[in-house]
Amino acid sequence: MSDIVTLQDVYKIYGKVHALHNINISIASGEWVAVMGPSGSGKTTMMNIIGCMDTPTKGSVQVDGTETHKLNGAALTKLRREKIGLVFQQFHLVPHLTAVENVMLAQYYHSMPDEKEALQALERVGLAQRAEHLPKQLSGGEQQRVCIARALINYPSIILADEPTGNLDKVNERIVIDIFNQLHKEGHTIIMVTHDPKVGQLAQRQIELDHGQLVYSGVV
Amino acid sequence: MFFRMLKKSFLQGKKNKLLAIVTIAFGATLASAVLSVSLDIGDKVNKELKSYGANLIVKPEMEALPLDMPGIKIDPLADQRYISEDELPNIKMIFWRNNILGFVPSLSTSVFIEEQEVKLTGTWFNKKMVIPTGETLRTGAKSIKTWWDVNGNWPADNNEPEALVQQKLAQRLNIANGDKFAVTLTTEQGRKTSQLKVVGIVSTGSNEGGIFVPLNWLQEQLGKDNQVQQVEVSALTTPENALARKAAMDLDSLSSDEFETWYCTAYVDSIAYQIEEAIPGVEAKQLRQVAQSEGKVLSKIQLLMALLTVVALISSILGISNLMTASVLERSKEIGLYKALGANNLPVIYLFMAEALVIGLIGGLVGYGIGFGFAQIIGKSVFSSTIAFKPLVIPIVLLLSTGVGILGTISAMGTIVKLQPAEVLHGR
Ligand SMILES: Nc1ncnc2c1ncn2[C@@H]1O[C@H](COP(=O)(O)OP(=O)(O)OP(=O)(O)O)[C@@H](O)[C@H]1O
Ligand SMILES: [Mg+2]
């Protein structure tokens, strides 16, 4: 299968800190990869580089056929808009917009808002009834599902999730993981940071970082 | 979607928004007060310069007594010299007749009302006059003294005993429209008492307490048919220039060409000269200086207020800058999210600009309202008149206040542009 993400000799250096140190990995299209490692090991830094929110200090990065390490801010934004779906640990919903409006926001900045399609996306994550609710009226699990619906709305090539279950209880973790399972079966490429080995085991492949270096890659 | 976002995000952080509105309203208040006052008072002063300020006063010529001290003229008979009312139409026959807007003759005397001495003036209110050319002209206090504010009716210009009483006096005598009261006149034949009926109460701006009656009635009562003491003339005039000043210094110094030019230009002095030619035995003088210096004070006050407004607007801009930057920082997660979802800088900036625009509009409207109120206070206390509503002020104030809003957002724009989604979204 073709690789959708390739990192070659990637470094990200902040002053003396090597947040990423000589990273080489390829991720195939349709693969579900879990990124693990202790706090401060560089997981988020790597996700930002793959997610076109940051560029490496050194090395080359390819995302869905585009060399992102050469791009300027606007081109990076455009690529992010087209290819990446982002799921955050803190959900990051706009507090004054309803669930459906939060989903439409992604459509608006991508192309055109379409309320019907946004409602369908909420239905997929089981939130059709909560479309008109504000984030503060939703539970953490429900907020995360809105966030997933928003990440999916523009048919991204890659879904990046940084600790999507980090703020959830067991029940909601289950629901969210089931959704990712479903997405994986449908053929989505998923890269997910997690601290939880059980969640990590659900992925096809585990990657482990430590002090910015890749220390493990493979099935547990 | 944009408006949906704008609407909802506008209702966010009400305290900050309110503060921003107040900040803008502050500048807008001053701007609208200054504009209202300037436009209206400017108009009023212009009107007065035309009708009152450029006025001429025509009086019987003074005759200096031979025993006078040098340089001082005393004319003990000044009050007993008159202009003949029949001659007045001649004022409309001079070279610059079309510049004569109208005139008001008057004849005054002292009368007693319940032992109080009061000035009684006979005058024209809105008199129909036939000029030798056959044209008719309506003129009198009503058209010349535009600042008179009459509550009730103007008396008719005939010999009915109708009176217009000045406000202060009406209060003092406790009389109102429709009331009748007795006045004691002193005539050449002795004292006599007549009844007057109040048809209107007039506020003339000056706080004299006097009474105005039809000229004909007073002439009849005093037995001074056809006699007036002075005539105020309203003329459109050309501003003075070097020639006018030279003529004012010494008319005889002009060459005949210069004299010709001077005579055929509507300087206030040449009109006065022509009136003196038209009516023998009178002296016509310009009354302009007063209004001119009023105009000067006014423009100084306007300058001061304009400076104050500029300062207020600038401080509004600075205030909005602070509030906007604070609001951008407060909402950095939201902005970071927009960017993470693929928004470029411009759409995010537009959102904040649009908010500033709405804040500017609301602040501008509020400020306009308060400012108009302030204008009334300024008008009452400085110029002792109310300030008229000028529609033009509203768009200007709104333009200024939205401008303040937008300018105030500019400094926050840098913060928006610099904001990196990766940094804010991971809480670093
Ligand atoms: N913008 C930055 N400036 C300076 N140092 C940074 C910056 N971003 C990351 N780092 C450093 O890089 C290292 C890796 O950080 P990163 O956020 O990638 O860790 P992480 O694996 O995601 O940790 P966690 O599990 O706590 O989220 C850390 O030592 C961090 O302090
Ligand atoms: Mg992290």
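Residues numbered from 1 in each chain as written. Chains lettered and ligands numbered in written order. Predicted model: local features only at pLDDT ≥ 70, side-chain atom pairs only at ≥ 80, totals over all residues. Heavy atoms only, no water.

**Q** Even after reading the chapter, I still don't get the sheet that holds strand E8 (residues 189-193) of chain A, so can you show me in this structure?
**A** Residue and element names in this part refer to chain A. An order of E6-E7-E8-E3-E9-E10 is seen for the 6 strands of this open sheet, with the pairing classed as mixed. Across the chains shown, the open sheet's two edge strands, defined by having one partner strand only, are strand E6 (84-87) and strand E10 (213-218). Going across the sheet, the axis of each strand differs from the next one's by a mean of 20°, ignoring polarity. Pairing of strand E7 (residues 158-162) with E8 involves 5 bridges; the strand directions are parallel. Bridge pairing links Ile159 to Ile190 in E8. (Pairing = 2+ DSSP bridges. Helix = DSSP H or I, 4+ residues; strand = E, 2+ residues; numbered from the N terminus. Axes fitted to C-alpha atoms, helices over the stretch in contact; angles between N-to-C directions.)

**Q** Please explain the sheet that holds strand E5 (residues 66-67) of chain A as it appears in this structure.
**A** In a beta sheet, neighbouring strands pair by backbone hydrogen bonds and run either parallel or antiparallel. Residue and element names in this part refer to chain A. Across the sheet, 4 strands lie side by side as E2-E1-E4-E5; this open sheet has antiparallel pairing. Each edge of the open sheet carries a strand with a single partner, namely strand E2 (17-28) and E5. Inspection of the sheet shows strand E1 (residues 3-14) paired to strand E4 (residues 58-63) by 5 bridges, in the antiparallel sense. Note that in E4 the partner of Tyr11 across the bridge is Lys58. Helix H1 (residues 43-50) contacts E1, E2 and E4 of the sheet and is inclined by roughly 125° relative to E1. (Contact = heavy atoms within 4.5 Å.)

**Q** Looking at this structure, how should I read the pattern of salt bridges?
**A** Opposite charge on two side chains permits pairing when their charged atoms draw close. Inspection of every chain in the model, using the stated rule, returns 17 salt bridges over all chains. A salt bridge links Arg174 of chain A to Asp178 of chain A, with the shortest nitrogen-to-oxygen separation between them at 3.2 Å. On the criterion of helical spacing, the pair formed by Arg174 of chain A and Asp178 of chain A is a turn pair, its members being 4 residues apart in helix H6 (residues 170-185). The exposure class of Arg174 of chain A is partly exposed, given its relative accessible area of 46%. Note that Arg331 of chain B and Glu355 of chain B form a salt bridge whose closest N and O atoms lie 3.1 Å from each other. Highlighted residues: Arg331 of chain B in the loop between helix H9 (288-330) and helix H10 (332-340) and Glu355 of chain B in helix H11 (residues 345-382), separated in sequence by 24 residues. Of the two residues, Arg331 of chain B and Glu355 of chain B, both sit in the buried class. Each of the salt bridges in this network shares a partner with another, and the network as a whole consists of Glu101 and Glu115 of chain A together with Arg4 and Lys8 of chain B. (Salt bridge = Lys/Arg side-chain N within 4 Å of Asp/Glu carboxyl O. Buried < 20%, exposed > 50% of the residue type's maximum accessible area, 1.4 Å probe, protein only.)

**Q** Mind showing me how you'd approach the interface of chain B and chain A here?
**A** As a measure of interface size, the accessible area lost when the parts come together is often cited. Residue-level contacts link 24 residues of chain B with 24 residues of chain A. Across the interface of chain B and chain A, roughly 2,400 Å² is buried in total on both sides, 63% from carbon and sulfur atoms. At the boundary of chain B with chain A, the tally comes to 3 salt bridges. Of the charged contacts in the structure, one is a salt bridge between Glu101 of chain A and Arg4 of chain B, with a shortest N-O distance of 2.7 Å. Where chain B touches chain A, the interface holds 7 residue pairs in polar contact (both at pLDDT 80 or more). Those elements that provide at least two residues to the side of chain B that touches chain A are helix H1 (2-10), H10 and helix H13 (421-425) of chain B. (Buried area = accessible area lost by both parts, 1.4 Å probe. Polar contact = N/O pair within 3.5 Å; in protein donor to acceptor, adjacent residues only side chain to side chain.)

**Q** Looking at this model, I keep getting lost on H10 of chain B. Mind explaining?
**A** Residue and element names in this part refer to chain B. H10 sits mainly inside the fold: 8 of its 9 residues count as buried. Those residues of H10 that fall on the buried side of the exposure criterion are Ser332, Glu334, Ile335, Gly336, Leu337, Tyr338, Lys339 and Ala340. Count one or two residues on from H10 and you reach Gly342, which has phi positive near 110°.

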